[in-house]
Amino acid sequence: MNAQMNSQLTVFIVDDDPAVRDALGLLLGVHDYRVALFADGESFLGAFRPDWRGCVLLDIRMPGIDGLSLQKKLNQAASQLPVIVMTGHGDVASAREAFRALALDFLEKPLDRERLLAAIEEAFAQQRDTLRQIEDRQESKQLLTHLTPRETEIMERVVAGRHNREIAAELGISPRTVEVHKARMMDKLGVHSVAELVRLQLTGER
């Protein structure tokens, strides 16, 4: 387990059974996971913030907002948190609906300890990938703001596959001037090939 990365992630446990919440909190705490406990879907939604990172361990049957409804509300809120659904009343229809709503896993109670820990590790791995993608997008967008308007024009044309002479004709400048702007643009962005430039520009536009 990557302790430093996992210390930034939380397992959000949503279950109306206090004994289950306490047992899960104790188990995960022993394995160095940070946990947050919620007795129902309403309290979780009331506290939820889009910048929360980790995963949700969610009971499917609860009074008020049930687990599947909560899962759908999180999807509507564009939550980045992977969801692991758990139930004491497993059935094919519920599992199908959970996976249709993009649940990472569907665990039946009593929970198998090893499968639970494996599901959380998979969720955290997915979350780390998501965080890296977000960081890459932010870094690319920041780099693109350093370009002058002319460098941006040339970048867009280079990415579109145009050659220096074509770009020069379109912009009314010499091919040599295009080459100078292109070299400065790529130096600012820290790229060394057109392929790297295309990748950075596409990442920054996401």
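For the structure, see preceding data.
Draft legend 1. Quick look at the overall build of the protein. A tally of helices and strands in the protein yields 10 helices and 5 strands. Taken over the C-alpha atoms alone, the protein extends approximately 75 × 35 × 30 Å along its principal axes. Counting the 206 residues in the protein, one finds 42% classified as buried. For the protein, the exposed area adds up to about 11200 Å²; of that, 50% sits on carbon and sulfur atoms. In the protein, 26 side chains carry a positive charge and 31 a negative one; their mean positions are 7 Å apart.

Draft legend 2. Structural context of unusual backbone geometry. Following K109, the chain continues into P110 via a peptide bond in cis, with omega recorded as -5°. Positionally, P110 belongs in the loop between β5 (105-108) and α6 (113-144). Even without being glycine, D32 reaches a positive phi, approximately 65°. Looking at the secondary structure, you find D32 in the loop between α2 (18-30) and β2 (34-38). Residue D32 is classed as exposed on the basis of its relative accessible area of 63%.

Draft legend 3. Up close: the nonpolar core. The biggest cluster of nonpolar side chains holds 21 residues, and the ones touching the most others in it are V14, F44 and V56. Mapped onto this core, the elements with two or more residues apiece are β1 (10-14), β3 (54-59), α4 (67-76), β4 (83-87) and α5 (92-100). When residues in this core are grouped by element, the largest group, 3 residues, is from α4. Discounting residues that sit within four places of it in the chain, F44 has contacts with F12, V14, F38, W52, V56, L70, L74 and L81. In terms of nonpolar packing, the next biggest core, distinct from the first, is built from 19 residues, I13, Y33, L104 and A119 among them.

Draft legend 4. Region of interest: the packing of α6 against helix α10 (residues 194-205). Where α6 meets α10, the axes come as close as 8 Å, and the angle between the chain directions of the two elements is 105°. One element, α6, and the other, α10, form an angle in the roughly perpendicular class. Contacts between α6 and α10 involve D136, R137, S140, K141, L143 and L144 on the former and, on the latter, L200, T203 and G204. Residue composition of the contact of α6 with α10, by class: 3 nonpolar, 3 polar and 3 charged.

Draft legend 5. Geometry of the packing of α2 against α6. Two elements in contact, α2 and α6, have axes whose closest approach is 12 Å; the angle formed by their N-to-C orientations is 70°. Considering their axes alone, α2 and α6 lie roughly perpendicular with respect to each other. Seen along the crossing, α2 lies across α6 with a hand that is right-handed. Residues L24, L27 and L28 of α2 touch α6, and the partners they reach there are R113, L116, L117 and I120. Of the residues in the contact of α2 with α6, the class split is 6 nonpolar, no polar and 1 charged.

The rules we used
- Residues numbered from 1 in each chain as written.
- Predicted model: local features only at pLDDT ≥ 70, side-chain atom pairs only at ≥ 80, totals over all residues.
- Heavy atoms only, no water.
- Helix = DSSP H or I, 4+ residues; strand = E, 2+ residues; numbered from the N terminus.
- Buried < 20%, exposed > 50% of the residue type's maximum accessible area, 1.4 Å probe, protein only.
- Areas by Shrake-Rupley, 256 points an atom, 1.4 Å probe, with all protein chains shown as cover.
- Lys, Arg positive; Asp, Glu negative; His and termini not counted.
- Charge placed at Lys NZ, Arg CZ, Asp CG, Glu CD.
- Core = buried A, V, L, I, M, F, W, Y, C linked by side-chain atoms within 4.5 Å.
- Contact = heavy atoms within 4.5 Å.
- Axes fitted to C-alpha atoms, helices over the stretch in contact; angles between N-to-C directions.
- Parallel < 35°, antiparallel > 145°, perpendicular 65-115°, else oblique.
- Nonpolar A, V, L, I, M, F, W, Y, C, P; charged D, E, K, R; others polar.
- Left-handed = near helix turned anticlockwise from the far one by under 90°.

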